[in-house]
Amino acid sequence: MDFFSVIALLGGVGCFLFGMSLMGTNLTGLAGSSLERVLERMTTGKSKGAGYVKGWGLGTAVTAVIQSSAATTIMLIGFVNAGIMKLLQAVPVMMGANVGSTVTAQILRLGDLSSDQWFFRLLKPSSFAPMLVGVGAFLYLFSKKKKVRDTAGILVGLGLLFYGMSMMEQVFEPLKESEKFQRLFTSFENPLAGLLVGLIITVIIQSSSASVGILQALSATGSVTFGIAIPIIIGQNLGKCATILLGGVGTGKKAKRLSLSYLLFNIFGAVFFMVLYFLLRYAAGLPVFAQAVNRGNIADIHLAFNLLTSLLLLPFSEQMAKLSGTIVGRDASDAVDQEFARLDDLVLKTPTVALSQCKRLMAQMRTKVEENYAIATEMLRQYSSENFDRLEENESFIDRCETALSAYLIKIDKKRLPEKDAAEVNELIGCISDFERIGDYGISMAYTAREMQEAGVSFTEDGKRELGIITDVTREAIETLRIAFDTGNAALARQIEPLGDVEEKIRERIRKNHMERLTAGTCSIQAGIALNDLLNAFDRICGHSANIALHIIGQSDKPEDFDEMHGHMAEPGSEEYRKAVERYEEQFLLNSGL
């Protein structure tokens with residue numbers, strides 16, 4: 001290995017790590033509830049065992065297609081790090097990925113087939129990496145939509161990740177043809193030395209499939225026996241963990257725990273098979289270990305290691321996840337996972353308890369929504385990039401709540417609930433998406449604040465003062481909603497719509513004042529664009545708050561007293577309504593100078 005090979009190796013590691021980070025960041029932005037919902041269906045079942053089997057099958061199938069357990073597991077690390085998958089969902093998928101990785105050896109057992117054929121080359125990460133980067137870059141450059149650009153970031157991240165893997169492999173490619181390098185496979189008698197050789201060579205060439213392929217090629221000489229091949233194959237399965245451990249660098253604790261689970265899986269398999277090997281070879285003295293192996297024998301041993309290890313450990317996926325937590329430690333998000341774990345299908349047998357669990361989680365969802373509004377409006381007043389981590393963490397939690405609650409509330413058997421509770425289930429279902437949308441607009445306001453900071457745009461002193469007024473009236477709506485939601489107070493919920501009317505008057509006056517400043521040349525067009533985005537966000541937050549208020553009123557009012565348009569029979573022009581508007585106008589408009 002010369003100087004330029006070292007540079008290429010460092011470049012490959014850099015691409016790998018940056019691609020991992022880029023993919024995770026954009027997955028967080030894009031996923032929302034849709035991807036999480038798909039993965040939830042594909043990795044969970046009516047029982048834990050069924051979920052484990054579904055996840056195992058998914059990992060096996062995906063890896064059988066792309067022929068790289070490392071690529072599949074790296075993607076899982078990205079999903080777990082982004083909060084899209086739970087660790088316990090990913091562990092069975094990871095076990096299946098190990099089984100799927102044996103497909104390459106099964107293909108190579110056929111003398112007339114090669115993994116270099118066009119179809120198989122197309123499925124290799126080294127082949128589709130350029131396509132991912134090319135398509136992703138094109139989408140990113142020619143689209144302004146956030147979701148499209150997040151998708152582009154994922155594609156580019158995956159492409160760079162696979163580029164990095166390919167660059168690392170290419171650095172060591174010449175070693176595959178070296179006679180000295182190949183003699184390392186057969187120049188020993190000690191099984192432990194064989195295990196170590198298989199491990200080191202696989203770490204060097206960054207591919208267990210390639211390492212097993214070399215051993216299959218050497219088997220044609222007739223010099224490789226079962227006694228030599230088995231320890232090497234065990235070592236090769238340990239060696240492939242190096243890429244996965246590298247993929248966990250710079251990730252959160254749960255992603256590191258998945259990397260460690262992958263290592264624990266292969267360590268258990270190595271210990272189990274080496275003990276079995278010593279018992280059968282030296283205690284039982286079976287003569288088969290002296291017999292020469294062929295391509296098919298090596299492929300079958302490789303398959304047996306991963307298949308039997310996964311079948312033995314699959315029922316203990318939860319215990320493996322807990323063990324990795326004991327070793328690595330747990331982060332704050334583990335407590336969040338415990339809250340979601342309360343929405344257990346077993347609790348559905350007691351619908352009243354299930355409903356109570358949903359209300360508890362919805363209260364936490366509402367708290368995060370309110371917290372994000374406070375953070376976003378503070379960023380408008382005094383920008384700080386440090387707040388984005390907290391905002392995005394909250395947004396991820398809100399999105400997960402929308403997914404989990406929507407799916408769980410529908411499962412509750414309303415026929416077994418009292419009439420009032422059954423009606424409450426329907427109203428809660430109606431509230432979920434509105435809470436999530438309020439959270440989205442909080443994030444949108446924070447992005448506007450960041451864009452203004454980066455562009456060096458600011459509002460005039462009058463503009464800042466006016467922005468503070470509409471911030472306060474919208475906050476009043478959110479805080480009133482919080483109390484009404486937590487207590488089921490319909491009287492308070494009826495105050496949301498009058499607040500919305502006052503917010504609309506303030507909004508229109510702010511637009512008018514801005515146009516006057518723009519005409520006078522005291523305000524910029526860029527600030528006007530930002531102001532328009534913010535005013536739209538305030539408007540939509542009040543609108544979604546009013547929607548939730550109607551659901552609160554719907555829970556408490558008798559059906560004959562409830563008007564879906566206004567929450568009660570009194571029209572907006574009624575005396576009660578007019579007095580509420582006047583009270584809020586006095587509070588927010590009278591001495592505001594608007």
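About the criteria used
Residues numbered from 1 in each chain as written. Predicted model: local features only at pLDDT ≥ 70, side-chain atom pairs only at ≥ 80, totals over all residues. Heavy atoms only, no water. Helix = DSSP H or I, 4+ residues; strand = E, 2+ residues; numbered from the N terminus. Buried < 20%, exposed > 50% of the residue type's maximum accessible area, 1.4 Å probe, protein only. Contact = heavy atoms within 4.5 Å. pLDDT = per-residue confidence, 0-100. Axes fitted to C-alpha atoms, helices over the stretch in contact; angles between N-to-C directions. Parallel < 35°, antiparallel > 145°, perpendicular 65-115°, else oblique. Left-handed = near helix turned anticlockwise from the far one by under 90°. Nonpolar A, V, L, I, M, F, W, Y, C, P; charged D, E, K, R; others polar. Phe/Tyr/Trp six-rings, centres within 6.5 Å; stacked < 30°, edge-to-face > 60°. Core = buried A, V, L, I, M, F, W, Y, C linked by side-chain atoms within 4.5 Å. Salt bridge = Lys/Arg side-chain N within 4 Å of Asp/Glu carboxyl O.

Turning next to the overall build of the protein. On a plain count of helices and strands, the protein comes out with 26 helices and zero strands. For the protein, with 594 residues in total, the buried portion stands at 50%. Counting only contacts in the protein whose residues sit at least 6 apart along the sequence, the fraction spanning at least 24 positions is 80%.

Chain-level pLDDT for the protein is 80 on average; 79% of the residues reach the 70-or-more range. The low-confidence segment residues 110–114, where pLDDT is below 50, has four contacts with residues more than four positions distant or belonging to other chains.

What follows concerns the packing of helix α22 (residues 461–487) against helix α24 (residues 496–520). It is the contact of α22 with α24, at a shortest axis distance of 10 Å, that shows an interaxial angle of 165 degrees. On the basis of the axis angle, α22 is roughly antiparallel to α24. Where α22 crosses over α24, the handedness of that crossing is left-handed. Seen from α22, the contacting residues are D462, G463, E466, I469, I470, V473, T474, E476, A477, T480 and L481; seen from α24, they are I496, L499, V502, E503, I506, R507, I510, N513 and R517. Its residues assigned to classes, the contact of α22 with α24 comprises 10 nonpolar, four polar and six charged.

So, about the environment of G442. In this structure, G442 sits in helix α21 (residues 419–455). For the pair G442 and L534, spaced 92 residues apart in sequence, the C-alpha separation works out to 9.7 Å.

So, about the packing of aromatic side chains. Taken as a whole and judged by the stated rule, the model has 10 aromatic pairs. Taking 5.7 Å as the distance between ring centres and 35 degrees as the angle between the ring planes, the aromatic pair formed by F388 and Y447 counts as tilted. Taken together, the residues span a long stretch of sequence, with F388 in helix α20 (residues 387–411) and Y447 in helix α21 at a distance of 59 residues. What makes F388 buried here is its relative accessible area of 6%.

Within the largest apolar cluster, 76 residues are counted, with the highest numbers of intra-cluster contacts made by L405, F435 and I506. With 14 residues, α21 is the single largest residue contributor to this core. What I506 contacts, discounting residues up to four positions off in sequence, is I469, I470, V473, F588, L589 and L594. Residues L76, A90, M94 and L313 belong to the second largest nonpolar core, which totals 27 residues.

The next subject is the pattern of salt bridges. One pass over the full model with this rule turns up 21 salt bridges. The residue D440 makes a salt bridge to R437 at a minimum N-O spacing of 2.8 Å. Linking D440 with R437, this pair stays in helix α21, spanning three residues, or about one helical turn. Taking the shortest distance from any N to any O, the salt bridge between R578 and E575 comes out at 2.4 Å. Of this pair, R578 and E575 both sit in helix α26 (residues 575–588), separated by three residues, roughly a single helical turn.

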